[in-house]
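Coordinates in review
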Amino acid sequence: MDEKNFTKKEAKEIIIGKLSRFFGVTPGECTKEQLYKAVVMTVRDILLEKRNKYRKATHDAKGKRVYYLCMEFLLGRSLKNNVYNLGIGKALSDALAFFNVTLDDLYELEPDAGLGNGGLGRLAACYMDALATLDYPTYGFSIRYEYGLFKQKIVDGWQMELPDEWLPGGEVWLTQRADRSFKVKFDGRIIEDWTEQGVKIRHVDAVEVEAVPYDMMISGKDSEAVSVLRLWSARSTKTFDMHMFSQGDYAQCMKESTEAELISKVLYPSDNHFEGKSLRLKQQYLLVSASLQNILQDHLHRYKTFDNLPEKVAIHINDTHPALAVPELMRLLMDEHGYSWEKAWDITTRTIAYTNHTVLAEALEVWSEDLIERRLPRIYAIIKEINQRFCAQLWEKYPGDWNRIDRMSVLAHGRVKMANLAVLGSYKVNGVSALHSDIIKESIFRDFARMTPDKFTNVTNGIAHRRWLCQANPELTGLITECIGDRFVLEPERLADFKEFAKDKTVLSRMLEIKKLKKLQLAKYIETHNGIIVDPDSMFDVQAKRMHEYKRQLLFALYIINLFEELKANPDMPVQPKTFIFGAKAAPGYYMAKQIIKLICCLAKEINEYPDQRVRDKIKVVYLENYSVTLAELLMPATELSEQISLAGKEASGTGNMKFMINGALTIGTMDGANVEMYEQVGEDNIYIFGLKADEVEDMWKHGYNASTYYNTNPKLQRIIDSLKRGYAGVSFELFANYLTTNSPIADPYMCLADFHSYTETKGVIDNDYQNKTKWAKASLMNVASSGFFSADRAIKEYAENIWKLKVVK
């Protein structure tokens, strides 16, 4: 099948054939679910054929490949994305008319593949799309979690976690490759056998697990390449014990199988207990070991040696979760293929590159030395040797500087520092925004950056603009195409040409009409799912991102509380009507984040049910349950004000800010993460910046953050804190009153009170600007036109040229 010549007749015949062969039904008998799967199989066949052609081209070219390791890929739905990229929408739509079904009907049947938590996993998914579009040879590796993150259910304001069963509708995209399975060992002990050829390592009494791969094809737009995302599923290698089963010992009979399958059962199991930590470590090692065995097997088959591995392979570890790739590659090269330590280390440190995504201490993974020694004895021995050799080098370079050596060591005080391991074992380390890359060189990796400055670089994050603009907002895409043509689809930098229409009243009017349409679509969803009727003429003010203290959803809530209390005192106060919208999931074990959700939901209940209609007409609060990629595709085109209000210096980059921007939302934000570059791209007249800068935050902490000063000198804050103590919807939030007003070192570490005045003043400016619809539309257009820089295509080109040294293969 050739997607370029894919016709209605061919599509109809193939779909009918799939229904008959796989489901035993005729077109008149099939259900929508069966039809959905038949269409997916049809699209998958096209992708497999393209992939086979591209694999031959890459094999013949013998060029370098990139292997992208990440614990999460937040893919969302695949059918719409692949149909768009392959350009087969019309043929499928025409064929489906025979079944009295539309493509949109089938899109709604697909579950989100929620194999991710937030920005990290969505970034990885965007990059796979860009890599395929740009024709770079790519494999992604992750885990085939049986359950995604979780389905969020809000019950009386409290987040409940339900299983996210994505496989019943999502498994049809996966192709099992049992022929490419690999064994992964845990526990046991290591025996060193001394021979004439050197030391031979044996791992005995180990628990062995089989990693079985499932491949998902990811298309590019109008490209030759198809990216492959290989997802590993864990299963036991032990044969079924019929004797034990016959004796009636069913639980013991199934124990090993169950324990193996647990490894790939759930994304990010809670790690606030030992078993959770152990399971997370097993997940990380399964991903790393299976992926590297796969990479080395393919390379050896192609080149018969690993001496050229750095020239032909780039292994990229996305955050610290796959940092065990460093000792695992050493293990494979030494134990399985006979390389010396020195040669293996040389190959490893020229093959692996690492992206850091955070400066938050709790997110920089640190494992118990005892846990790694127990679960991964050989890996522990290699890490210990890496640490000893590195510390010896540091002693020679910095004799007597124990503090520096302690900071840079991989092992210290019974802990294994994964970020240090990742930096030490990589040839390149990048941050994900200009500010973040500067901060890591001056903070967490300062010593490494002083020692090896050329190792550090920056690649600012990017988004899949074809998904977040072209697919999510076809009306805006149509307007842009009318104005500047469609070259921006493959050349996002062309969006800058749209700036020429910033004074065109007709275009600005169309911008406002499109935004109104998207707001109406979102309002319909909110009425259906939340039972709340929102005013589409109100300002849609949105914060949608992972729930975390540093992202400061609490600061947004404080603003809403202040406005609500003012309106209660004076219901006739002139106020720009606003709908405040939140979307966020909290980690299951993150109590404070869950309390923030509770506060927002209780606040929403009291505001939305307030007896005075004058107040209800001016403000509404909506908490969107179970925020997902698909929901984001509805929310972002409808947003007018995007809240990017993290404390400066805490957000590495952000990608939600870019998705809102490309859909014409204006941003209120701190000079944090990629907000800094957004400010540079769009200009100060088209973005609202407030609050402390990163250096000012640092300086304030050094001198002591005095929260009570802000409380004592600001009547608005006093009223807010008193309101928190009284509570909302019958629930007191004295927890937050104390959290916000206690002085350092145990105060709110994200300084909500310090930025509150600047935040509310900036909100006042926004309210005034919003009254001038032409001015607002112009700023919205400028945001769209300035967003091309934040495309994943640009980011991937920078990775390919500056880090991976990768060439296009067609």
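That block above? That's the structure.
In short, a report on the structure. On a predicted model such as this, the values are computed, not experimentally measured, just so you know.

Cut-offs used in this document
- Residues numbered from 1 in each chain as written.
- Predicted model: local features only at pLDDT ≥ 70, side-chain atom pairs only at ≥ 80, totals over all residues.
- Heavy atoms only, no water.
- Helix = DSSP H or I, 4+ residues; strand = E, 2+ residues; numbered from the N terminus.
- Rg over C-alpha atoms; globule rule 2.2 N^0.38 Å.
- Areas by Shrake-Rupley, 256 points an atom, 1.4 Å probe, with all protein chains shown as cover.
- Lys, Arg positive; Asp, Glu negative; His and termini not counted.
- Charge placed at Lys NZ, Arg CZ, Asp CG, Glu CD.
- Salt bridge = Lys/Arg side-chain N within 4 Å of Asp/Glu carboxyl O.
- Buried < 20%, exposed > 50% of the residue type's maximum accessible area, 1.4 Å probe, protein only.
- Phe/Tyr/Trp six-rings, centres within 6.5 Å; stacked < 30°, edge-to-face > 60°.
- Lys NZ or Arg CZ within 6 Å of the ring centre and 35° of its normal.
- Pairing = 2+ DSSP bridges.
- Axes fitted to C-alpha atoms, helices over the stretch in contact; angles between N-to-C directions.
- Parallel < 35°, antiparallel > 145°, perpendicular 65-115°, else oblique.
- Left-handed = near helix turned anticlockwise from the far one by under 90°.
- Contact = heavy atoms within 4.5 Å.
- Nonpolar A, V, L, I, M, F, W, Y, C, P; charged D, E, K, R; others polar.
- Core = buried A, V, L, I, M, F, W, Y, C linked by side-chain atoms within 4.5 Å.
- 1 Å grid on protein atoms, 1.4 Å probe; cavity = no way out; pocket = protein on both sides within 12 Å on 5 of 7 lines; lining within 4 Å.
- Points joined across faces, edges and corners; volume = space filled by probe spheres on them.
- Arc of directions from axis to C-beta.

So, the overall build of the protein
- In terms of regular secondary structure, the protein is built from 35 helices and 25 strands.
- On C-alpha atoms alone, the protein measures out to a radius of gyration of 27 Å, which is about the 28 Å that the 2.2 N^0.38 rule sets for 810 residues.
- With respect to the three principal axes, the spread of C-alpha positions in the protein is 90 × 75 × 60 Å.
- When the accessible area of the protein is evaluated, it comes to approximately 31700 Å², of which 50% is carbon and sulfur surface.
- Taken as two groups, the 105 positive and 109 negative side-chain charges of the protein have centres that lie 3 Å from each other.

Notes on the pattern of salt bridges
- Overall, the coordinates contain 53 salt bridges when judged by the stated rule.
- Between Arg 350 and Asp 346 there is a salt bridge; the shortest N-O distance is 3.1 Å.
- For Arg 350, a relative accessible area of 31% gives the class partly exposed.
- Residues Glu 475 and Lys 518 are paired through a salt bridge, measuring 2.8 Å at the closest nitrogen-oxygen approach. Pair noted here: Glu 475 is in helix 21 (residues 474-484) and Lys 518 is in helix 22 (residues 505-530), with a separation of 43 residues, a long-range link.
- Of the residues examined, Glu 475 reaches a relative accessible area of 26% and is grouped as partly exposed.

What to know about the packing of aromatic side chains
- Under the defined criterion, the tally for this structure stands at 34 aromatic pairs.
- On the numbers, 6.5 Å between centres and 70° between planes, the contact of Tyr 68 with Phe 73 is edge-to-face.
- Exposure remark for Tyr 68: the relative accessible area of 1% places this residue in the buried category.
- One aromatic cluster is present, formed by Phe 556, Tyr 559, Phe 580, Phe 582, Tyr 623, Phe 690 and Tyr 759 through successive ring pairs.
- Above the ring of Tyr 398, the side-chain terminus of Arg 404 is found at 4.0 Å from the ring centroid.
- In this structure, Lys 585 packs its charged tip against the face of Phe 150, placed 5.2 Å from the ring centre.

Focus: the sheet that holds strand 16 (residues 411-412)
- The three strands are arranged 15-17-16 in an open sheet whose pairing can be described as antiparallel. Strand pairing shows two members of the sheet lacking a second neighbour, strand 15 (366-368) and strand 16, which therefore form its edges.
- By the bridge criterion, three bridges tie strand 15 to strand 17 (residues 415-417) in an arrangement that is antiparallel. Within the sheet, the bridge partner assigned to Trp 367 lies in strand 17 and is Val 416.

Points about the packing of helix 1 (residues 8-23) against helix 4 (residues 89-96)
- Direction vectors running N to C along helix 1 and helix 4 enclose 60°, while the axes themselves pass 8 Å from each other. Of the possible angle classes, the one that applies to helix 1 and helix 4 is oblique. Taken as a pair, helix 1 and helix 4 cross one another with a handedness that is right-handed. Contacts between helix 1 and helix 4 pair Lys 8, Ala 11, Lys 12 and Ile 15 from the former with Ala 91, Leu 92, Asp 94, Ala 95 and Leu 96 from the latter.
- Across the contact of helix 1 with helix 4, the residue classes break down as six nonpolar, no polar and three charged.

Considering the nonpolar core
- Ranked by internal contacts, the top residues of the largest apolar core, which has 211 residues, are Val 43, Leu 79, Leu 92, Phe 498 and Trp 804.
- The element that contributes the greatest number of residues to this core is helix 10 (residues 274-303), accounting for ten residues.
- Other than its neighbours up to four places away in sequence, Leu 92 contacts Phe 6, Ala 11, Ile 15, Val 39, Val 43, Val 83 and Leu 103.
- Counting 75 residues, the second-largest nonpolar core is a separate cluster that includes Leu 647, Ala 707, Leu 717 and Leu 753.

Observations regarding empty space enclosed by the protein
- All told, the structure shown has six cavities of 30 Å³ or more when counted by the stated rule.
- Approximately 120 Å³ is the volume attributed to the largest cavity.
- Considering the residues around the largest cavity, the lining is formed by 13 residues, among which Leu 75, Ser 78, Asn 81, Ile 218 and Arg 467 are closest to the centre.
- Breaking the lining of the largest cavity down by element, the ones donating at least two residues are helix 3 (79-86), helix 6 (119-133) and strand 11 (207-219).

Some thoughts on the pairing of strand 1 (residues 65-69)
- Judged by how many residues are buried, strand 1 sits mostly within the fold: five of five residues are covered.
- Here strand 1 shows a buried face lined by Arg 65, Tyr 67 and Leu 69 and a second buried face lined by Val 66 and Tyr 68.
- Examined bridge by bridge, strand 1 and strand 13 (residues 313-318) share five bridges and lie parallel to one another. Each bridged residue has a counterpart across the sheet, and for Val 66 the counterpart in strand 13 is Ala 314.
- In this structure, strand 1 lies alongside strand 4 (residues 138-143), joined through four bridges in parallel fashion. What sits directly across from Val 66, in strand 4, is Thr 138.

Here we look at the sheet that holds strand 22 (residues 619-624)
- Spatially, the six strands line up as an open sheet ordered 22-21-20-23-24-25, and their pairing is parallel. Looking along the sheet, the strands with just one partner apiece sit at the ends: strand 22 and strand 25 (688-689).
- Of the pairings in the sheet, the one linking strand 23 (residues 641-644) to strand 24 (residues 666-669) comprises four bridges and is parallel in character. Note that in strand 24 the partner of Glu 643 across the bridge is Ile 668.
- Lying over the sheet, helix 22 contacts strand 20 (539-544), strand 21 (578-583) and strand 22, oriented at roughly 70° with respect to strand 22.
- Set on the sheet, helix 23 (residues 553-569) makes contact with strand 20, strand 21, strand 22 and strand 23; between it and strand 21 the angle comes to about 150°.

Considering helix 32 (residues 734-741)
- Here helix 32 has its buried residues at Phe 736, Ala 737, Tyr 739 and Leu 740. When helix 32 is viewed along its axis, its buried side chains cluster within an angular range of 165° and face the same direction.
- On its buried side, helix 32 packs onto helix 23, helix 24 (591-608), helix 30 (707-713), helix 31 (715-726) and helix 33 (752-771).

So, the environment of Ile 607
- Looking at where Ile 607 falls in the secondary structure, it is placed in helix 24.
- Take Ile 607: its relative accessible area is 0%, and that puts it in the buried class.
- Counting along the chain gives 39 residues from Ile 607 to Lys 568, while the straight-line C-alpha distance between them is 9.9 Å.
- Not counting residues within four places of it along the chain, the set of residues in contact with Ile 607 comprises Ile 560, Phe 564, Arg 616, Ile 619, Lys 620 and Val 621.

Things to note about the side chain of Ser 78
- On the secondary structure map, Ser 78 appears in the loop between strand 2 (73-76) and helix 3.
- Looking at Ser 78, the relative accessible area reads 10%, which means it is buried.
- Setting aside its immediate chain neighbours within four residues, Ser 78 contacts Glu 110, Trp 173 and Met 216.

Overview of the environment of Asp 401
- Summarising the element assignment, Asp 401 is placed in the loop between helix 15 (377-397) and helix 16 (402-408).
- In this structure the C-alpha to C-alpha distance between Asp 401 and Thr 460, which are 59 residues apart in sequence, comes to 34 Å.

A short note on the packing of helix 2 (residues 32-61) against helix 3
- At a minimum axis separation of 11 Å, helix 2 and helix 3 run at an interaxial angle of 50°. Considered as vectors, helix 2 and helix 3 are oriented oblique to each other. Judged by the twist between their axes, the crossing of helix 2 over helix 3 is left-handed. Note on element contacts: helix 3 touches helix 2 through Leu 79, Asn 82, Val 83 and Leu 86, opposite Tyr 36, Val 39, Val 40, Val 43, Ile 46, Leu 47 and Lys 50.

Overview of helix 26 (residues 629-638)
- Burial within helix 26 is extensive, with nine of its ten residues counted as buried.
- Inspection of helix 26 places Val 629, Thr 630, Leu 631, Ala 632, Glu 633, Leu 635, Met 636, Pro 637 and Ala 638 among the buried residues, and these make up the whole buried set.

Comments concerning the side chain of Lys 763
- Secondary-structure assignment places Lys 763 in helix 33.
- A relative accessible area of 1% means that Lys 763 is categorised as buried.

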